[in-house]
Amino acid sequence: MTWMKRLERWRLKGDQKSCDLSTIPVRGIGMENVAKNSLETAPTQDVRGKRHILNSLISGAIAGAVAKTVVAPLDRTKIIFQVSTRGFSAKEVVKLIYQTYRMDGLFSLWRGNSATMVRVVPYAALQFCSHEQYKQILGSYYGTHGRPLPPLPRLLAGSMAGITATTLTYPLDLVRARMAVTPKEMYGNILHVFIRITRDEGVKTLYSGFSPTILGVIPYAGLSFFTYETLKKFHAELTERANPYPHERLLFGACAGLIGQSASYPLDVVRRRMQTAGVQCRKYTSILETMRQIIVEEGGIGGLYKGLSMNWIKGPIAVGTSFTTFDLMQILLRKIQDTTLQR
């Protein structure tokens, strides 16, 4: 019986060893494959996310630069009317543009455009990029899985993108407004404007007019992105084409600009008055006080909506060009990256 028990013990030990030897390698291979797969997929997702952000930044920067350069003469003329008490009409616009051309030359119509580019390139890059990120965050929250957002989140994503970009680039907007309404002799370049403002008026002046700007950008950016995204959604449902043609994108962007700028225009006038108060020998203490002075001196419609008709020309062109350029640049960059990966 003793030998029989010993033989039984040896047999059981042998079975355990064989089981261990057969399962350990399999278990090791399985864990190795899981680790390998996780290492292969995680960096890919990370790279895709970074590539998407980079594409959005580049596309947004180019879109903003192209759009603002196209409408720079009209934009400068609009600002001059906004910050002055002179009457606005189509005849006065043509007269002002002609006088500027005769006195200072053709390129003076683009005066302040260098400051505009310094502001618009980071502003547009941040706005478009943050809009894409907010869409992803809200899409994850609402579970849209790549489909268009519901109406309210769609509006919210645009407003948040505008607030983000405006907050980070506001001093550059003030500098650009100062350069647009002053003669060459007063400010030599962008750096000179910063030095003069901080020295003569204080650093706080760099954010003069920030409150009406934020209040204005909420409906402007929100409605612009909302309108453009909504029109693209309706277009896809009606035509069953995911990508509209360039001229259709221009039209959608023009509608977005028209609605967005019309809704926020009075606050845009207030913002410009507060930004240029230092060179206009005026002082505005608040948004309501600025509005009150404009209404008393120039009337409600004539003052707060001065230059709006020009904005109905300039705004749709600028916003349509911006949205179209952004979308086409996104498509182009994706194609370039896909071609590079295939090689």
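Every value quoted in this text rests on a predicted model; they were computed, and no experiment measured them.

1. With respect to the overall build of the protein chain
If you tally the helices and strands in the protein chain, you get 10 helices and 0 strands. For the protein chain, the succession of helices and strands along the chain, N to C, is α-α-α-α-α-α-α-α-α-α. Sorting the 343 residues of the protein chain into buried and exposed places 43% on the buried side. In the protein chain, of all internal contacts separated by at least 6 residues, the share reaching a separation of at least 24 is 79%. Accessible surface computed for the protein chain: about 19,000 Å², of which carbon and sulfur atoms make up 65%.

2. Here's the deal with a nonpolar patch on the surface
A cluster of nonpolar side chains, contributed by Leu54, Ile58, Ile62, Val66, Val70, Ile313 and Ile317, occupies part of the molecular surface with about 540 Å² of accessible area. If you list the elements that add at least two residues to the nonpolar patch, you get helix H1 (2-82) and helix H10 (308-342). By the secondary structure assignment, Val70 is in helix H1. Note on Val70: relative accessible area 47%, which makes it partly exposed.

3. So, the confidence of the model for the protein chain
On average, residues of the protein chain score 81 in pLDDT, and 83% of them reach the 70 mark or higher. Within the protein chain, the element-level pLDDT minimum falls on H1, averaging 66, and the maximum on helix H6 (residues 210-239), averaging 92.

4. Considerations on helix H2 (residues 90-104)
In this model, H2 (15 residues) spans 21 Å end to end at C-alpha, consistent with the 21 Å of a helix rising 1.5 Å per residue. Within H2, burial applies to Val93, Leu96 and Thr100. Looking straight down H2, one finds its buried side chains confined to an arc of 65°; they lie on one side. Pointing more than 90 degrees away from the buried face of H2 are the exposed residues Ala90, Lys91, Val94 and Arg102.

5. Section: empty space enclosed by the protein
A probe matching the size of a water molecule, rolled over the atoms, marks out where space remains unfilled. Under the defined criterion, the tally for this structure stands at 3 cavities of 30 Å³ or more. In this model, the largest cavity occupies a volume close to 720 Å³. Here the lining of the largest cavity takes 8 residues from H6, the largest share from any one element. By residue class, the composition of the lining of the largest cavity is 17 nonpolar, 11 polar and 10 charged.

6. A closer look at the packing of aromatic side chains
Evaluated as defined, the whole model comprises 9 aromatic pairs. Judged by centre distance (5.2 Å) and plane angle (85°), the rings of Phe225 and Phe323 are edge-to-face. Separated by 98 residues along the polypeptide, Phe225 in helix H6 and Phe323 in helix H10 bring together distant segments of the chain. Judged by its relative accessible area of 5%, Phe323 is buried. A cation over an aromatic ring shows up here: Arg119 above the ring of Tyr123, its NZ or CZ 5.4 Å from the ring centre. Above the ring of Tyr245, the side-chain terminus of Arg241 is found at 4.1 Å from the ring centroid.

7. Notes on the packing of helix H7 (residues 246-275) against H10
One can describe the packing of H7 onto H10 by two numbers: an axis separation of 6 Å at closest approach and a directional angle of 135°. Comparing their axes, H10 and H7 come out oblique. In this structure, H7 meets H10 at a crossing whose hand is right-handed. Residues belonging to the contact of H7 with H10 are distributed by class as follows: 13 nonpolar, 9 polar and 3 charged.

8. Looking at the layout of surface pockets
The space that makes up the largest pocket amounts to roughly 920 Å³. Lining the largest pocket are 32 residues, and of these Glu132, Lys135, Gly146, Glu229 and Lys232 sit closest to its centre. Broken down by secondary-structure element, the contributors of at least two residues to the lining of the largest pocket are helix H3 (113-142), H6 and H10. Per element, the largest residue contribution to the lining of the largest pocket is 7 residues, and it comes from H3.

9. Re the side chain of Ser59
Along the chain, the position of Ser59 falls in helix H1. According to the relative accessible area criterion, Ser59 is buried, its value standing at 0%. For Ser59, the side chain forms a polar contact with the side chain of Gln330, separated by 3.4 Å. If near-sequence neighbours (up to four positions away) are discounted, Ser59 is found in contact with Phe326, Met329, Gln330 and Leu333.

10. Quick word on H6
Over its 30 residues, H6 extends 42 Å from the first C-alpha to the last, a length consistent with the 44 Å expected when each residue adds 1.5 Å. Taking the largest bend as the criterion, H6 deviates by roughly 30°, centred on Val217, and proline Pro219 comes between one and four positions later. A positive phi of about 60° marks Glu240, the residue just after H6.

11. Concerning the environment of Pro212
Looking at where Pro212 falls in the secondary structure, it is placed in helix H6. A residue is classified by how much of its surface remains accessible, and Pro212, at 2% relative accessible area, is buried. Not counting the four nearest positions on each side in its chain, Pro212 is found in contact with Leu267, Val270, Arg271, Met274 and Ile287.

Cut-offs applied
Residues numbered from 1 in each chain as written. Predicted model: local features only at pLDDT ≥ 70, side-chain atom pairs only at ≥ 80, totals over all residues. Heavy atoms only, no water. Helix = DSSP H or I, 4+ residues; strand = E, 2+ residues; numbered from the N terminus. Buried < 20%, exposed > 50% of the residue type's maximum accessible area, 1.4 Å probe, protein only. Contact = heavy atoms within 4.5 Å. Areas by Shrake-Rupley, 256 points an atom, 1.4 Å probe, with all protein chains shown as cover. Patch = residues over 30% accessible without salt bridge, like charges linked within 9 Å, V, L, I, M, F, W, Y side chains within 5 Å. Salt bridge = Lys/Arg side-chain N within 4 Å of Asp/Glu carboxyl O. pLDDT = per-residue confidence, 0-100. Expected span 1.5 Å × (residues − 1). Arc of directions from axis to C-beta. 1 Å grid on protein atoms, 1.4 Å probe; cavity = no way out; pocket = protein on both sides within 12 Å on 5 of 7 lines; lining within 4 Å. Points joined across faces, edges and corners; volume = space filled by probe spheres on them. Nonpolar A, V, L, I, M, F, W, Y, C, P; charged D, E, K, R; others polar. Phe/Tyr/Trp six-rings, centres within 6.5 Å; stacked < 30°, edge-to-face > 60°. Lys NZ or Arg CZ within 6 Å of the ring centre and 35° of its normal. Axes fitted to C-alpha atoms, helices over the stretch in contact; angles between N-to-C directions. Parallel < 35°, antiparallel > 145°, perpendicular 65-115°, else oblique. Left-handed = near helix turned anticlockwise from the far one by under 90°. Polar contact = N/O pair within 3.5 Å; in protein donor to acceptor, adjacent residues only side chain to side chain. Bend = angle between axes of the 7 residues up to and from the residue.

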